[in-house]
Amino acid sequence: MYGHGSEDLCHISFPIGIHPAGQVWARSAHPYKVGMAWIGAGNAMPSEAQLDLIATLKPTVFMGMSSFALHLATLAEARGIDLVQSSVRKIVCSAETLSDAKREKIGRQWGAEVFDVFGMSEAGLMGAENSAHDGIHIWTDLFFVEVVDPATGKPVPAGEVGTFCVTPLWTNHATPFLRWNSGDLVSFIPQSAGSGRFAELFPMIKHANRTTGFFKIRGVNVNHAEFEDHMFRNSQVTDFQAVLVTDPNTSLETLRIRIETARGSSAVTVCATLAETVKRTFEITPLVEALEHGVLAKEFEKSVKAQRFVDQRI
């Protein structure tokens, strides 16, 4: 799907252990003679060491969760490393929703083409993008898939958004799932604009990016994905964390946004501008705090997935 071959070396930052993700990538690459560096997730191999390995081994492909790709980019900037100048030219993400804004930010920070992959624990690795990036091809010889109306369970027309239901035909024999409601809201696309045997053989799904959570503050519902997109589209913000807190003096709920700003930018100006755009877009007046470079990276490294939304209200 991505054109990887014997000239490529892949840096795998998916977990390598009881979870199959890293094993799947490494072992499936062997028949194609693709080099594989079995690095593992950030909680197993420290992020700074991963940056050192990228500089030393010079991989052409990075494979990992999108949040970790962003995390490494933020850490690299804090260390004065320009990943655009690195050897990595393709990035393969999975396990998290990859919005357009997140894809653009990763591509901009790494100077690389970003591909998305889709799978779930209830079925396995189900599909991937081609170079047209117009949807996820689903291996329909292995999985019977339906896009249905969430209220009636009946199929919706191609191109319309519905709930993604999956019946594995080949995997999960021990715990079979019939018409498993994945919770993903997607549209079904019969044909890709891309070329090649995968594009011609397999239909696609396209995520509606409406499966992630919400937080509600002062009566306003804010979608995590929409807020994340808003932050990632701001080129002056390299990383962020949204923290919901309760003011001990007034008992009022407050949104505190902790950010790291791009080098050379004015932190005061970025904070003021961000506070204004968040208020205008989400009708919430936040408190914006600029942090030293690398602070969020160190905090996020403690978990496999970056905790960008934290509720500390009392």
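Bear in mind the structure is a predicted one, so any value in this text is a computation, not a measurement.

Undergrad: Please clarify how the sheet that holds strand β14 (residues 237-246) should be interpreted in this entry.
TA: Sheet strands pair by backbone hydrogen bonding; their relative direction is either parallel or antiparallel. The mixed open sheet is built from 4 strands, whose spatial order is β16-β15-β14-β17. Either end of the sheet is taken by a strand with one partner, and the two such strands are β16 (287-290) and β17 (309-311). Across the sheet, the mean angle separating the axes of adjacent strands is 20 degrees when strand polarity is ignored. The pairing of β14 with strand β15 (residues 253-261) spans 9 bridges and is antiparallel. When the bridges of β15 are listed, Q241 appears paired with R258. Each of β14, β15 and β17 is contacted by helix α6 (residues 224-232), which is oriented at about 140 degrees to β14, the strand it contacts most. Where helix α7 (residues 267-282) meets the sheet, its contacts fall on β14, β15 and β16, and the angle it forms with β15 comes to roughly 140 degrees.

Undergrad: What's the story with the sheet that holds strand β3 (residues 61-63) in this structure? I'm lost.
TA: Read from one edge to the other, the open sheet built from 11 strands follows the order β2-β1-β3-β4-β5-β6-β7-β11-β10-β9-β8, with strand pairing classed as mixed. Sheet topology places β2 (35-38) and β8 (143-148) at the edges, where each strand pairs with a single neighbour. Averaged over all pairs of adjacent strands, the angle between their axes in this sheet comes to 35 degrees, without regard to strand direction. By the bridge criterion, 2 bridges tie strand β7 (residues 136-138) to strand β11 (residues 204-207) in an arrangement that is antiparallel. The residue of β11 that forms the bridge with H137 is M204. In the packing of helix α4 (residues 100-110) onto the sheet, contacts are made with β3, β4 (90-93) and β5 (113-120), and the angle to β5 comes to roughly 135 degrees.

Undergrad: Explanation requested: the side chain of N130 in the structure shown.
TA: Secondary-structure assignment places N130 in the loop between β6 (124-128) and β7. Owing to a relative accessible area of 5%, N130 belongs among the buried residues under this scheme. Among the polar contacts listed, one links the side chain of N130 to the backbone nitrogen of A132, at a separation of 2.6 Å. For N130, the residues in contact, after removing those within four places along its chain, are M1, F115, H137, S192, G194 and A199.

Undergrad: Mind showing me how you'd approach a nonpolar patch on the surface here?
TA: Taken together, the side chains of F144, L169 and W170 make up a nonpolar region of the molecular surface, amounting to roughly 370 Å² of accessible area. Counting through the fold element by element, W170 comes out in the loop between β9 (161-168) and β10 (180-189).

Undergrad: Please explain the nonpolar core as it appears in this structure.
TA: If you look at the biggest cluster of nonpolar residues, it comprises 41 residues, and the most contacted ones within it are F62, I91, I106, W110, F227, L255 and I259. Considering every element that reaches this core, the biggest residue donor is helix α3 (residues 66-78), with 7 residues. Not counting residues up to four positions away in its chain, the partners in contact with I259 are M231, V237, D239, F240, V270, C271, L274, V288, E289, A290 and L291. Among the nonpolar cores identified, the runner-up in size contains 33 residues, and F14, V34, V156 and F202 belong to it.

Undergrad: Could you clarify how one ought to interpret unusual backbone geometry in this entry?
TA: Peptide bonds are, in most cases, trans, and in most cases residues other than glycine have a negative phi. Of note, R179 is a non-glycine position whose phi angle comes to about 50 degrees, a positive value. Mapped onto the fold, R179 is located in the loop between β9 and β10. Taking the relative accessible area as the measure of exposure, R179 reaches 42% and is therefore partly exposed. Phi is positive for E283, which is not a glycine, with a value near 60 degrees. Structurally, the position occupied by E283 is in the loop between α7 and β16.

Undergrad: Would you take a moment to explain the packing of helix α2 (residues 47-57) against α3 for this structure?
TA: Working note: a packed helix pair is described by the angle between its axes plus the distance between those axes. Running from N to C, α2 and α3 cross one another at 80 degrees; their axes reach a closest spacing of 10 Å. With respect to α3, the element α2 is oriented roughly perpendicular. For the pair α2 and α3, contact is made by S47, E48, Q50 and L51 and by F68, H71, L72, L75 and A76, respectively. Grouping the constituent residues of the contact of α2 with α3 by class yields 5 nonpolar, 3 polar and 1 charged.

Calculation notes
- Residues numbered from 1 in each chain as written.
- Predicted model: local features only at pLDDT ≥ 70, side-chain atom pairs only at ≥ 80, totals over all residues.
- Heavy atoms only, no water.
- Pairing = 2+ DSSP bridges.
- Helix = DSSP H or I, 4+ residues; strand = E, 2+ residues; numbered from the N terminus.
- Axes fitted to C-alpha atoms, helices over the stretch in contact; angles between N-to-C directions.
- Contact = heavy atoms within 4.5 Å.
- Buried < 20%, exposed > 50% of the residue type's maximum accessible area, 1.4 Å probe, protein only.
- Polar contact = N/O pair within 3.5 Å; in protein donor to acceptor, adjacent residues only side chain to side chain.
- Patch = residues over 30% accessible without salt bridge, like charges linked within 9 Å, V, L, I, M, F, W, Y side chains within 5 Å.
- Areas by Shrake-Rupley, 256 points an atom, 1.4 Å probe, with all protein chains shown as cover.
- Salt bridge = Lys/Arg side-chain N within 4 Å of Asp/Glu carboxyl O.
- Core = buried A, V, L, I, M, F, W, Y, C linked by side-chain atoms within 4.5 Å.
- Parallel < 35°, antiparallel > 145°, perpendicular 65-115°, else oblique.
- Nonpolar A, V, L, I, M, F, W, Y, C, P; charged D, E, K, R; others polar.

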